[in-house]
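# Fold and contact review
Each chain is listed here by its residues.
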Amino acid sequence: MSSSGSTPISSRPNTPSSAATAGRSNINKDGGPTSPFDHLPTHAIPGQPLCSAREYAPGPGTYYDENAVLGGGGGIVASILGKVVVVSRNPTKPAATPTPATATNGLKRKESAGTDINNSSTNTSAAVVDPRPRISVVRPASKSGSSSAGGAGAVPDVNDIVLVRVLRINPRQANVAILVVGDSHSSTDEYGGIIRAQDVRETEKDKVKIQSCFKPGDIVRARVISLGDGTNYYLSTAANDLGVVFAISEASGAPMYPLDWKSMRCPVSGTIEERKCAKPTS
Amino acid sequence: MYLSDRRRILVPPLARPLIYVDDKPNPAIQASTKPAPSSNAARKIYLQTSLIPDATGSAYVEHQQNKILALVNGPRSQKGSFSPTAKLAVDVKFLPISSDAHVLGIQQGGGFTTSLERTLADFIYASLIPSIRLGQYPKSGISVSVVVISGPPSWKGVVKQIAASCVTAASVAVVDAGIEVLDIVTACAVKFSMGVEDDVQIDLDEHGIDKSSDRITNKMDIDDGQPAPEVPGIGRGVVSYMASRDEISGFWIDDESHQRMDVETSHPHSIEGAGLIKVLKTACDGAKDVRILVNGVLVQAFAEQQETSTQAAKKIKLGS
């Protein structure tokens, strides 16, 4: 294995084939002209430098490479094949235009970051105060049914919201199978998870009875709190919008609807069963 | 010794491909595979992605007689101890019909996975590992299986070529699966003369069919296995290269001169210093050419995917 330092090959190839990359190859030849990023490529190939890290922050499907010199100071490089998407951190600004970081912008973003922390369902990366708009590469939706940024990754990560099916319960925990990760529509029935009794709700944790919160077969919306051990992720439903979203009545086999946060009613038999319900969204 | 593997239908250990009378070298075919004008111009490669819908990603590479299919499955959950990064598993299979190498391997090593298959798998693993962002997929496994559907009729000195095609196919399949990578790895095989101090002759390795008469030190036809005695050794190598990052992710170089055993050991063939650098550079240039093709194919595949996704969106609109 030899790195670029010890090999005699010096020039990056002018391989990628879009209008913006033609500009990039000029950059490499000339050794650093000034502002070539008035337009970004529409799509990207893995390994293709996209923009300078001064102007954008790397999002899903990209990575920061200090050696990809684009106008100095490292660049952001695509890591999957897909469409280039720019998300401005300031929601009032149009997404495609990179904005220079000013004092007022920074203040506004601090506020929005604060709400992000309070809003439990937001990704952790959004809570970081970063004035740069975030650039990411998104796969086309048709490919393997997944429209999530970041490629094949139906891999659960900490703070992801997941849909799980309860497999079995015992007094200390509920064992679940993770079906859907985040917004991706690709289902993976392979990742196991555990909702421990102390993670079911935020209050009166010591009085939680797993049996009166979940039943095997329920579909539960939960958040990943830890990658766990070799076999299981640790999940939590300690939030209003987390908990059982779908459950079948033991009496009639009909799907039940939630009455309040801890009970569901069967529309056929009228029986009320105990569940830790998720607050219905939208 | 085959009892452990009950899932596959195995060929008898001494099976050989059928040889028909008509299979004698056809002069018409030979004429069609005449070498390119420049010996350093890469031959045509056919590349296609996403041909196996069941796999997460797949790629098919056809380079001369080499037909190679790479499949990627994953990232999948992995049982066992906690691992903060994904684990990559590579395996290589020669189809029994691919060539005589499979039989060769069975006779030599025994067992279903031949030593050649294992060696190739190790090289592909080493070439891909620096390119894949394994940290993005904790507790997961990514499995790459490479199937050599067909190879050249004779396997003398083509292992490096097969390895090059395998690496390229595997890396493109990983990209097709949507797994995050630092860069695409493309590989190129070279052959060169060894033991020459000042004048190393290098060619992109094309199954030994280059017979450029203008070369002095490297004139012989490699395929007949009977090189002229005055010729120095023939080396073959394959270099895996990440073109955008300008990094070599793996190389594998062997002295493949047949007369090596006969030469007194005081002058072993070697390649080092400037000669080795020249070899690497030539191979990297070849890999860059392959990369251009890969980029073109990926852009085309992306455009098609986008088209189908917009069509699907339209259908949903019409339906609702």
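Above: the structure in question.
These notes cover the structure that comes with them. Note that the coordinates shown come from a computational prediction; the quantities given were computed from them, not determined experimentally. (Residues numbered from 1 in each chain as written. Chains lettered and ligands numbered in written order. Predicted model: local features only at pLDDT ≥ 70, side-chain atom pairs only at ≥ 80, totals over all residues. Heavy atoms only, no water.)

Another aspect to go through is the overall build of chain A. Secondary structure summary: chain A contains two helices and 16 strands in total. The buried share of chain A, reckoned over its 282 residues, is 47%. Excluding contacts between residues fewer than 6 apart, the proportion of contacts in chain A whose partners are at least 24 apart in sequence is 53%. Carbon and sulfur atoms make up 53% of the accessible area of chain A, which totals about 13400 Å². (Helix = DSSP H or I, 4+ residues; strand = E, 2+ residues; numbered from the N terminus. Buried < 20%, exposed > 50% of the residue type's maximum accessible area, 1.4 Å probe, protein only. Contact = heavy atoms within 4.5 Å. Areas by Shrake-Rupley, 256 points an atom, 1.4 Å probe, with all protein chains shown as cover.)

Turning our eyes to something else, we now look at the packing of helix α3 (residues 115-128) of chain B against helix α4 (residues 159-176) of chain B. Residues and elements named next belong to chain B. For the pair α3 and α4, interaxial distance at closest approach is 10 Å and the crossing angle is 50°. Classified by the angle their axes make, α3 and α4 are oblique. In terms of crossing hand, the pair formed by α3 and α4 is right-handed. On α4, the residues touching Leu116, Leu120, Phe123, Ile124, Ser127 and Leu128 of α3 are Val159, Ile162, Ala163, Cys166, Val167, Ala170, Ser171 and Val174. The residue makeup of the contact of α3 with α4, split by class, is twelve nonpolar, two polar and no charged. (Axes fitted to C-alpha atoms, helices over the stretch in contact; angles between N-to-C directions. Parallel < 35°, antiparallel > 145°, perpendicular 65-115°, else oblique. Left-handed = near helix turned anticlockwise from the far one by under 90°. Nonpolar A, V, L, I, M, F, W, Y, C, P; charged D, E, K, R; others polar.)

Residue and element names in this part refer to chain A. Strands sit in the order β14-β15-β16 across an open sheet of three strands; the sheet is antiparallel. For this open sheet the edge positions go to β14 (257-260) and β16 (272-274), each flanked by a neighbour on one side alone. Mean inter-strand twist for the sheet, computed between neighbouring axes without regard to direction, equals 40°. Strand direction decides the pairing type here: strand β15 (residues 263-265) and β16, joined by three bridges, are antiparallel. Along β16, the bridge assignment pairs Arg265 with Ile272. (Pairing = 2+ DSSP bridges.)

The next thing to look at is the pattern of salt bridges. When their charged atoms lie close together, side chains carrying opposite charge are able to pair. A complete count under the given rule lists eleven salt bridges over all chains for this structure. Across the salt bridge formed by Asp254(B) and Lys160(B), the nearest N and O atoms sit 3.0 Å from each other. Taken together, the residues Asp254(B) in strand β9 (residues 247-255) and Lys160(B) in helix α4 connect sequence positions 94 residues apart. Judged by relative accessible area, Asp254(B) falls into the partly exposed class, the value being 30%. Taking the shortest distance from any N to any O, the salt bridge between Arg291(B) and Asp183(B) comes out at 2.9 Å. Of this pair, Arg291(B) sits in helix α5 (residues 273-319) while Asp183(B) is found in the loop between α4 and β6 (185-193), placing the two residues 108 residues apart along the sequence. As far as the burial class goes, Arg291(B) and Asp183(B) line up, both buried. Salt bridges here are not isolated pairs; linked through shared partners, they connect Asp65(A), Arg245(B) and Glu247(B). (Salt bridge = Lys/Arg side-chain N within 4 Å of Asp/Glu carboxyl O.)

Okay, the packing of aromatic side chains next. A full pass over the atoms with the stated rule returns three aromatic pairs over all chains. Pairing Tyr191(A) with Tyr233(A) gives two aromatic rings, centres 5.8 Å apart and planes at 70°, and the pair type is edge-to-face. Separated by 42 residues along the polypeptide, Tyr191(A) in the loop between β9 (173-181) and β10 (192-196) and Tyr233(A) in strand β12 (residues 232-236) bring together distant segments of the chain. Taken individually, Tyr191(A) and Tyr233(A) each receive the classification buried, so the pair is uniform in this respect. On the numbers, 5.5 Å between centres and 45° between planes, the contact of Phe123(B) with Trp252(B) is tilted. Of the two residues, Phe123(B) sits in helix α3 while Trp252(B) sits in strand β9, which places them 129 residues apart along the sequence. Among the residues examined, Phe123(B) registers a relative accessible area of 8% and is labelled buried. The ring centre of Tyr233(A) lies 3.8 Å from the NZ or CZ of Lys139(B), which sits over that ring. Just above the ring of Trp252(B) sits the side chain of Lys160(B); from NZ or CZ to the centre is 4.4 Å. (Phe/Tyr/Trp six-rings, centres within 6.5 Å; stacked < 30°, edge-to-face > 60°. Lys NZ or Arg CZ within 6 Å of the ring centre and 35° of its normal.)

A few words now on α4(B). Every α-helix winds through 3.6 residues per turn, so residues three or four apart in the chain are directed the same way. Residue and element names in this part refer to chain B. The first and last C-alpha atoms of α4 sit 25 Å apart over 18 residues, in line with the 26 Å expected at 1.5 Å per residue. Of all 18 residues making up α4, 18 are buried, and the element is well covered by its neighbours. Phi turns positive, to about 80°, at Gly178, one or two residues after α4. (Expected span 1.5 Å × (residues − 1).)

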